[in-house]
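Read off the chains here:
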Amino acid sequence: MLCRSVAATGHSPTLLLLLLTSGRARLLDPKRLVPAIESCRTAALGGHVARCENCSHTLIAYNSCRNRHCPKCQGAAAKEWLAEREAELLPVPYFHVVFTRPARIADIAYQNKAVIYDLLFKASAETLITIAADPKHLGARIGILSVLHTWGSALTHHPHVHMIVPGGGISLDGKRWVACRPGFFLPVRVLSRLFRRLVLEKLAAAHQAGELQFFGNHAPLTNAQAFAAYLAPLRNSEWVVYSKRPFGGPKEVLRYLARYTHRVAISNRRLIACDDNGVTFKWKDYRLEGRERYKLMTLATPEFIRRFLIHVLPAGFHRIRYYGLLASTARADNIARARELLALPKLQCQPADAGANDGNEPPTLARPCPCCGGRMIIIETFERGSAPRHRPTAPMIAIRIDTS
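Residues numbered from 1 in each chain as written. Predicted model: local features only at pLDDT ≥ 70, side-chain atom pairs only at ≥ 80, totals over all residues. Heavy atoms only, no water.

Caption draft 1: Broad picture of the pairing of strand S2 (residues 58–62). Across five bridges, strand S1 (residues 47–52) lies against S2 in antiparallel orientation. Among the inter-strand pairings, arginine 51 is bridged to a residue of S2, identified as threonine 58. Hairpin connection, S1 to S2: the antiparallel pair is bridged by five residues, and serine 56 has positive phi, about 65 degrees. (Pairing = 2+ DSSP bridges. Helix = DSSP H or I, 4+ residues; strand = E, 2+ residues; numbered from the N terminus.)

Caption draft 2: Just the environment of glycine 210, in detail. By the element assignment, glycine 210 lies in the loop between helix H7 (188–208) and helix H8 (224–231). Judged by relative accessible area, glycine 210 falls into the exposed class, the value being 58%. With twelve residues separating them in the primary sequence, glycine 210 and threonine 222 have C-alpha atoms 8.8 Å apart. (Buried < 20%, exposed > 50% of the residue type's maximum accessible area, 1.4 Å probe, protein only.)

Caption draft 3: Structural context of the environment of proline 363. When you line up the elements, proline 363 lands in the loop between helix H11 (331–341) and strand S14 (376–382). Taking the C-alpha atoms as reference points, proline 363 and methionine 376, separated by 13 residues in sequence, lie 8.8 Å from one another. Contacts of proline 363, omitting those with residues within four sequence positions, involve Met376, Ile377 and Ile378. (Contact = heavy atoms within 4.5 Å.)

Caption draft 4: Seen up close, the pattern of salt bridges. On inspection of all chains with the given rule, the structure shows twelve salt bridges. The partner of arginine 375 in a salt bridge is glutamate 53, and the shortest N-O contact between them spans 3.1 Å. Of the two residues, arginine 375 sits in the loop between H11 and S14 while glutamate 53 sits in the loop between S1 and S2, which places them 322 residues apart along the sequence. Here arginine 375 falls in the partly exposed class, since its relative accessible area comes to 35%. Classification of glutamate 53 as partly exposed rests on a relative accessible area of 43%. Arginine 306 serves as the salt-bridge partner of glutamate 303, at 2.9 Å between the closest nitrogen and oxygen. (Salt bridge = Lys/Arg side-chain N within 4 Å of Asp/Glu carboxyl O.)

Caption draft 5: Layout of the sheet that holds strand S10 (residues 271–275). With antiparallel pairing, three strands are arranged side by side in an open sheet as S10-S11-S12. Of all the strands in the sheet, the pair left with one neighbour each is S10 and strand S12 (294–299). Across the sheet, the mean angle separating the axes of adjacent strands is 25 degrees when strand polarity is ignored. One ladder, built from six bridges, connects strand S11 (residues 278–284) with S12; its direction is antiparallel. By the bridge assignment, phenylalanine 281 is partnered in S12 with methionine 297. In the packing of helix H10 (residues 301–310) onto the sheet, contacts are made with S10, S11 and S12, and the angle to S12 comes to roughly 115 degrees. (Axes fitted to C-alpha atoms, helices over the stretch in contact; angles between N-to-C directions.)

Caption draft 6: Inspection of the nonpolar core at higher detail. Leu128, Leu138, Met163, Phe185, Val199 and Leu203 are the most contacted members of the largest nonpolar core, which totals 48 residues. The element best represented in this core is helix H6 (residues 113–133), accounting for ten residues. Sequence-distant contacts of leucine 138, defined by excluding residues within four places in its chain, comprise Ile131, Ala132, Gly168, Val178, Ala179, Cys180, Phe185 and Leu186. (Core = buried A, V, L, I, M, F, W, Y, C linked by side-chain atoms within 4.5 Å.)

Caption draft 7: Structural view of the packing of H6 against H7. Across the interface, H6 lies against H7 with an axial gap of 9 Å and an inter-helix angle of 140 degrees. With respect to H7, the axis of H6 lies oblique. Read as a crossing pair, H6 and H7 show a hand that is right-handed. Residue-level contacts link Val115, Ile116, Leu119, Leu120, Lys122, Ala123, Ser124, Glu126, Thr127, Leu128, Thr130 and Ile131 of H6 to Val190, Leu191, Leu194, Phe195, Leu198, Val199, Lys202, Leu203 and Ala206 of H7. (Parallel < 35°, antiparallel > 145°, perpendicular 65-115°, else oblique. Left-handed = near helix turned anticlockwise from the far one by under 90°.)

Caption draft 8: Representation of the packing of aromatic side chains. Overall, the coordinates contain seven aromatic pairs when judged by the stated rule. An aromatic cluster is defined as three or more aromatic residues linked by ring pairs; in this entry it consists of Phe99, Phe195 and Trp239. The aromatic ring of tyrosine 230 is capped on one face by arginine 104, whose charged end is 4.9 Å from the ring centroid. Here arginine 331 stacks its cationic end above the ring of tyrosine 322, 4.1 Å away from the centre of that ring. (Phe/Tyr/Trp six-rings, centres within 6.5 Å; stacked < 30°, edge-to-face > 60°. Lys NZ or Arg CZ within 6 Å of the ring centre and 35° of its normal.)

Caption draft 9: Layout of unusual backbone geometry. Positioned with a positive phi, serine 56 is a non-glycine residue whose angle comes to about 65 degrees. In this structure, serine 56 sits in the loop between S1 and S2. Positive phi, normally seen in glycine, also occurs at leucine 155, with a value near 70 degrees. Position of leucine 155 relative to the elements: it lies in the loop between strand S5 (143–151) and strand S6 (157–166).

Caption draft 10: Structural detail: the pairing of S6. Counting buried positions along S6 gives nine out of ten residues, so the element sits mostly inside the fold. As defined by bridge partners, strand S3 (residues 94–99) adjoins S6 across six bridges and the pair is classed as antiparallel. Its bridge partner being in S6, tyrosine 94 is matched across the sheet by proline 166. The pairing of S5 with S6 spans six bridges and is antiparallel. Bridging across to S6, leucine 148 finds its partner in valine 161. Counting the residues that bridge the hairpin from S5 to S6 gives five residues, and of these leucine 155 lies at a positive phi of roughly 70 degrees.

So this is what it looks like as structure tokens:
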């Protein structure tokens with residue numbers, strides 16, 4: 001049985017998801033996700049051996065699968081991405097705006113992920129850009145970094161868009177920086193109304209173009225009249241859009257981005273145990289306040305895996321996107337212009353080959369030796385499925401002396 005095999009391994013709960021996906025989840029075969037996570041940081045993907053040049057401490061590092069849904073691989077990707085974004089931050093307040101949608105849209109989004117997730121991105125960006133450009137509100141062109149999340153704390157299907165937005169923008173004539181009011185970006189009620197109208201219009205257009213598919217209980221929605229009737233109650237309901245208080249500064253923005261941009265449906269630290277009753281993990285009940293909102297949930301193993309796989313994105317789908325001043329085509333020019341209008345010094349670009357090895361230096365690891373802090377030199381690289389020739393340094397045994 002899976003639970004007994006997990007217990008027999010003696011692994012910590014941080015490896016439970018990896019162990020689970022090597023078992024029953026394979027029957028679900030979500031394309032390449034399960035084989036990738038199963039092989040992550042094992043000899044199946046190869047790796048390298050590094051040795052400290054001072055104390056000869058040796059360690060083996062196996063390659064990661066680099067799958068964007070793997071809970072073990074997002075740390076390094078987040079660091080690389082954040083290093084690229086750091087130079088783009090401006091010394092202005094940043095706001096966190098969240099666009100959510102009614103449950104009825106979440107239900108049909110599950111059967112039409114690529115279309116409706118893309119629609120949520122475009123409608124939310126268009127909403128912010130339109131209202132910000134209105135002279136009654138801000139009268140400026142703004143930049144937006146958008147991130148799609150599809151989960152709730154209990155792994156339920158809850159697609160919504162997080163946005164990180166500078167508190168201001170370049171005036172419509174391009175001659176000055178327009179700052180928002182202190183502590184206030186844009187009116188959320190106005191944003192909610194426009195977002196609701198845009199989403200419903202785009203949904204109707206997608207249905208008319210034949211881009212939506214419906215199965216099971218939603219199969220009747222293939223009929224245009226039935227689909228219009230399904231959406232009708234949403235035209236008068238309240239759609240939740242909220243804007244959180246501005247961040248404390250650019251460094252806080254970066255820390256926050258690291259939490260939101262490269263997250264997966266559940267992180268290893270939330271996994272508690274796996275036994276014959278199922279999988280136990282931490283979750284947050286947002287209906288409560290204080291410490292009582294943090295709870296434990298146990299799901300049967302197939303149900304846990306089903307909930308995790310709900311959040312596997314369509315192949316090639318980008319869940320981090322940029323709009324307005326931060327759109328990729330003109331991002332560098334727009335940021336340079338914003339810095340100029342804010343009277344900031346120009347950034348000095350470091351030559352591409354600065355600090356690079358001259359070819360004679362051995363490859364090294366970025367992190368120092370865990371024993372003495374010395375430089376770790378890569379002494380061996382081994383291919384997929386191969387075993388390294390060198391052995392790692394045995395862990396030190398702590399000796400306790402009882403002086404009582």
